[in-house]
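Coordinates in review
This is what each chain is made of:
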Number of protein chains: 2
Amino acid sequence: MRAVAAHIYTALSQSARAGLIEEGTTGLLADLTIASLALLRQAPTRDLISLVPGKAYFGFLREAHMSRPVRRDLFDFDLVEQNIGRFRDRTYTALPENELQRFLYTMAISYCCATDLAGRDDRKTPATFFEYLIGNIFGREFGVNPRTQVEVLNLDMRATLPTDFVFDLGQEHRRVHLPVKLSTRERVVQVWAHQKVLDGVYGVGRFRGVLVVLTETKVDKRSLEVIEICLPEQWRVYQLFIAQLFRVYYLDVPNRYAALRDVPPHIQVKYLSQFFGEKDALIGQ
Amino acid sequence: MRAVAAHIYTALSQSARAGLIEEGTTGLLADLTIASLALLRQAPTRDLISLVPGKAYFGFLREAHMSRPVRRDLFDFDLVEQNIGRFRDRTYTALPENELQRFLYTMAISYCCATDLAGRDDRKTPATFFEYLIGNIFGREFGVNPRTQVEVLNLDMRATLPTDFVFDLGQEHRRVHLPVKLSTRERVVQVWAHQKVLDGVYGVGRFRGVLVVLTETKVDKRSLEVIEICLPEQWRVYQLFIAQLFRVYYLDVPNRYAALRDVPPHIQVKYLSQFFGEKDALIGQ
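Described below are features of the structure shown in this document.

About the criteria used
- Residues numbered from 1 in each chain as written.
- Chains lettered and ligands numbered in written order.
- Predicted model: local features only at pLDDT ≥ 70, side-chain atom pairs only at ≥ 80, totals over all residues.
- Heavy atoms only, no water.
- Helix = DSSP H or I, 4+ residues; strand = E, 2+ residues; numbered from the N terminus.
- Rg over C-alpha atoms; globule rule 2.2 N^0.38 Å.
- Buried < 20%, exposed > 50% of the residue type's maximum accessible area, 1.4 Å probe, protein only.
- Contact = heavy atoms within 4.5 Å.
- Areas by Shrake-Rupley, 256 points an atom, 1.4 Å probe, with all protein chains shown as cover.
- Lys, Arg positive; Asp, Glu negative; His and termini not counted.
- Charge placed at Lys NZ, Arg CZ, Asp CG, Glu CD.
- Axes fitted to C-alpha atoms, helices over the stretch in contact; angles between N-to-C directions.
- Parallel < 35°, antiparallel > 145°, perpendicular 65-115°, else oblique.
- Left-handed = near helix turned anticlockwise from the far one by under 90°.
- Nonpolar A, V, L, I, M, F, W, Y, C, P; charged D, E, K, R; others polar.
- Phe/Tyr/Trp six-rings, centres within 6.5 Å; stacked < 30°, edge-to-face > 60°.
- Lys NZ or Arg CZ within 6 Å of the ring centre and 35° of its normal.
- Buried area = accessible area lost by both parts, 1.4 Å probe.
- Salt bridge = Lys/Arg side-chain N within 4 Å of Asp/Glu carboxyl O.
- Pairing = 2+ DSSP bridges.
- Core = buried A, V, L, I, M, F, W, Y, C linked by side-chain atoms within 4.5 Å.
- Polar contact = N/O pair within 3.5 Å; in protein donor to acceptor, adjacent residues only side chain to side chain.
- Least-squares fit on C-alpha atoms with pLDDT ≥ 70 in both.

**As for the overall build of chain A**
The secondary structure content of chain A amounts to 9 helices and 14 strands. Its C-alpha radius of gyration of 19 Å places chain A within 12% of the 19 Å reference for a compact globule of 285 residues. Across its three principal directions, the C-alpha atoms of chain A cover 60 × 40 × 35 Å. Residue burial in chain A is summarised as follows: out of 285 residues, 59% are buried. Put simply, 66% of the contacts in chain A that link residues at least 6 apart link residues at least 24 apart. When the accessible surface of chain A is split by element, carbon and sulfur atoms take 47% of a total near 12,100 Å². Counting 36 positive and 33 negative side-chain charges, chain A places the centres of these two groups 2 Å from one another.

**Focus on the packing of helix α1 (residues 6-18) of chain B against helix α2 (residues 23-41) of chain B**
Residues and elements named next belong to chain B. Running from N to C, α1 and α2 cross one another at 155°; their axes reach a closest spacing of 9 Å. Regarding the angle of α1 to α2, the classification is roughly antiparallel. Seen from above, α1 lies across α2 with left-handed handedness. Contacts between α1 and α2 involve I8, Y9, A11, L12, S15 and A16 from the former and G24, T25, L28, L29, D31, L32 and A35 from the latter. Looking at the contact of α1 with α2, its residues break down into 9 nonpolar, 3 polar and 1 charged.

**Quick notes on the packing of aromatic side chains**
All names here are of chain A. Following the criterion strictly, the structure yields 44 aromatic pairs over all chains and no others. Seen in terms of ring centroids, Y249 and F275 are 5.9 Å apart; in terms of plane orientation they differ by 70°. Their pairing is edge-to-face. On the criterion of sequence distance, the pair formed by Y249 in strand β13 (residues 245-250) and F275 in helix α9 (residues 275-283) is long-range, its members being 26 residues apart. Residue class for F275 comes out buried when judged on its relative accessible area of 0%. Among the aromatic side chains, those forming a connected cluster through ring pairs are F87, Y92, F103, F138, F142, F167, Y249, F275 and F276. A cation over a ring is seen here: R208 above F246, with NZ or CZ 4.0 Å from the ring centre.

**A closer look at the interface of chain A and chain B**
Each partner contributes to the interface: chain A provides 27 residues, whereas chain B provides 27 residues. When residues of chain A are sorted by the area they lose upon contact with chain B, M157, V237 and F241 of chain A head the list and together hold 24% of the total. For the interface between chain A and chain B, the tally reads 0 salt bridges. For the side of chain A that touches chain B, the secondary-structure elements that each account for two or more residues are β6 (147-154), β7 (157-167), α6 (189-202) and α7 (232-241) of chain A. It is α6 of chain A that contributes the most residues to the side of chain A that touches chain B, 8 residues altogether. Within the side of chain A that touches chain B, the residues separate by chemical class into 15 nonpolar, 5 polar and 7 charged.

**As for the sheet that holds strand β11 (residues 217-219) of chain A**
Pairing between the strands of a sheet comes from backbone hydrogen bonds, and it takes one of two forms, parallel or antiparallel. Residue and element names in this part refer to chain A. If you walk across this open sheet you meet the 3 strands as β2-β12-β11, and the pairing is mixed. Two strands lie at the open edges of the sheet, namely β2 (49-50) and β11, each paired on one side alone. Sheet topology note: the β11/strand β12 (residues 225-228) ladder contains 3 bridges and is antiparallel. By the bridge assignment for β12, K218 is matched with I227.

**Quick notes on the environment of E131 of chain B**
All names here are of chain B. Mapping E131 onto the fold places it in helix α5 (residues 124-142). When the C-alpha positions of E131 and N98 are compared, they lie 23 Å apart, and in sequence the two are 33 residues distant. Apart from residues no more than four positions distant in its own chain, E131 is found in contact with F165 and V180.

**Things to note about the sheet that holds strand β2 (residues 49-50) of chain B**
Residues and elements named next belong to chain B. Pairing in this open sheet of 3 strands is mixed, and the strands run β2-β12-β11 from one edge to the other. Sheet topology places β2 and β11 (217-219) at the edges, where each strand pairs with a single neighbour. When β2 meets strand β12 (residues 225-228), the two strands line up parallel, connected through 2 bridges. Paired with I49 across the two strands is E225, which belongs to β12.

**Remarks on the packing of α7 of chain A against helix α6 (residues 189-202) of chain B**
As a packed pair, α7 of chain A and α6 of chain B sit with axes 9 Å apart at the nearest point and diverge in direction by 75°. In terms of axis orientation, α7 of chain A runs roughly perpendicular to α6 of chain B. Two secondary-structure elements touch here, α7 of chain A through V237, Y238 and F241 of chain A and α6 of chain B through H194, K196, V197, G200 and V201 of chain B. When grouped by side-chain class, the residues that make up the contact of α7 of chain A with α6 of chain B number 5 nonpolar, 2 polar and 1 charged.

**A short note on unusual backbone geometry**
Residue P265 of chain A follows P264 of chain A across a cis peptide bond; omega there is 0°. Inspection of the secondary structure puts P265 of chain A in the loop between α8 (255-258) and β14 (269-271). Positioned with a positive phi, E63 of chain B is a non-glycine residue whose angle comes to about 50°. Residue classification places E63 of chain B among the exposed residues on the basis of a relative accessible area of 73%. Look at D121 of chain B: it is not a glycine, yet its phi comes out positive at around 50°. Here D121 of chain B is to be found in the loop between α4 (97-117) and α5.

**Some thoughts on the nonpolar core**
Residues F138 and W235 of chain A together with F138 and W235 of chain B are the most contacted members of the largest nonpolar core, which totals 194 residues. Apart from residues lying up to four places away in sequence, F138 of chain B is in contact with F167, L178, V210, V212, Y249, L272, F275 and L282 of chain B.

**Overview of the side chain of S13 of chain B**
All names here are of chain B. Following the sequence through the fold, S13 ends up in helix α1. Judged by relative accessible area, S13 falls into the buried class, the value being 10%. Within the local environment of S13, its side chain forms a polar contact with the side chain of R17, the two groups lying 2.6 Å apart.

**Description of the relation of the copies chain A and chain B**
Mapping chain A onto chain B calls for a screw motion: a turn of 180° about the axis and a shift of 0.0 Å along it, with 0.0 Å RMSD after fitting. Such a combination of rotation and displacement between the chain copies is what one expects of a two-fold axis. Mapped onto chain B, 100% of the interface residues of chain A again fall at the interface, so both copies present the same surface.

**Observations concerning the pattern of salt bridges**
Scanning the entire structure with this criterion turns up 38 salt bridges over all chains. Salt-bridge contacts for E278 of chain B lead to K270 of chain B; the nearest nitrogen and oxygen are separated by 2.8 Å. With relative accessibility at 13%, the residue E278 of chain B sits in the buried group. For K270 of chain B, a relative accessible area of 13% translates into the label buried. Through salt bridges that share partners, K55, R71, D73, E228 and D252 of chain A make up one connected network.

What follows is the structure, encoded as structure tokens:
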């Protein structure tokens, strides 16, 4: 089977490189979502055994392949298909909070699931699609394209450091450092390390660190059990001893990370839908 | 084809978990090396096209499979086969510097190459073998087994942090934080981040950070060209702005990392063979 709507993905990839927040890129993100949903509409589903308290998951099926786990209460075909025009013109942000949560989750996971069903063990294009989507969402709210490298000028050295997305909103505002991951697992320390480099090069507080993650679920393909892989104690240590992230937004917030808000150092882990109401606080002085 | 001497690897794995520096573990590291060399003795080789100034590489072949690149001047069947007893009784460290360099390189890369020829795309067992070998070498020099986690006790929190090897040599000496990698690439920032955590939790200077790496070579399987993937400017930024590594030892030092000694912040990148002569400086006050 060919990759899902490979021609749309290729066009998106070219358009994103030219400008992540341009109308063409926005349109292709919408088109690829709709094409993925059409494919998923035809796929049977199977209930999974959720070991995550309070959350139910299913998988899409196609021949011998099963998609990553999908959260039942957050996946909504109709909502996205009927409101995709609002993604294009950016009025989707006015959806009620609970609909916005489902809208964003469904957009983010549809292409990933459709790719899973192609059975090619393709890990790169879902990750890249998710980066484009999140970069487009934040970029359009801030009104600027992100950069993916920063200059280091330091006495006798001059280096260019590759980074995750960085948004420069002018002297009036803080800059935003926006790493984007499908899941974090044991490599998440990189995020705090990059924040530490930015703090060191430019001064503490110049860049607000904002991590965006899809989910931490993992399914055992034999037992069909779904778990969330979380390392909350390590996150606390990183936040205390490496650098400080200002926000962590998830499309599917893991219970154990949500609880980090309540214990020192109070890492703020929220649903991405909450970003739109607090975006001014993110970049404020 | 079955994995190389799978029964020896399994025994090594069990023995290493019981005690990395015990005689049994040392013997199994030697046995697995000799079994790997016997397999490689039967394999034809192919010269590779080295784009690395001053270094020639070849690959071992078996059916459609080719091993990772092997440095011609550092790989020495006879030296290791004839002196493997000196690994067991630890007199190998008295070999002349240039022989010690070849001895260590050949021991480190033989099992990796033999595994490559099995064609199972096995990335885990070569990495684990290399960790056992380096942990055994350092542990026997220091006379203690390493630990792989540290306790964090901090006001209202208590956490256990998984780490790379950590050697505790008593109050008279500095502790050693020893990350071990087959190659580093873009994930190397983790090493500085973990050092930063140890500096933060225990105080700067309490743990000496010592990174050990096999090589940074990469071969293009079509063109047969060998390159070294190095990010020296990023290393300088990490050393300046995250934490300070005391030494980086390679089995095959990349030219561009060796040059880091000569520019600020003067990261000390050396051959592993040089460790034995300066081990007291590593742990001294």
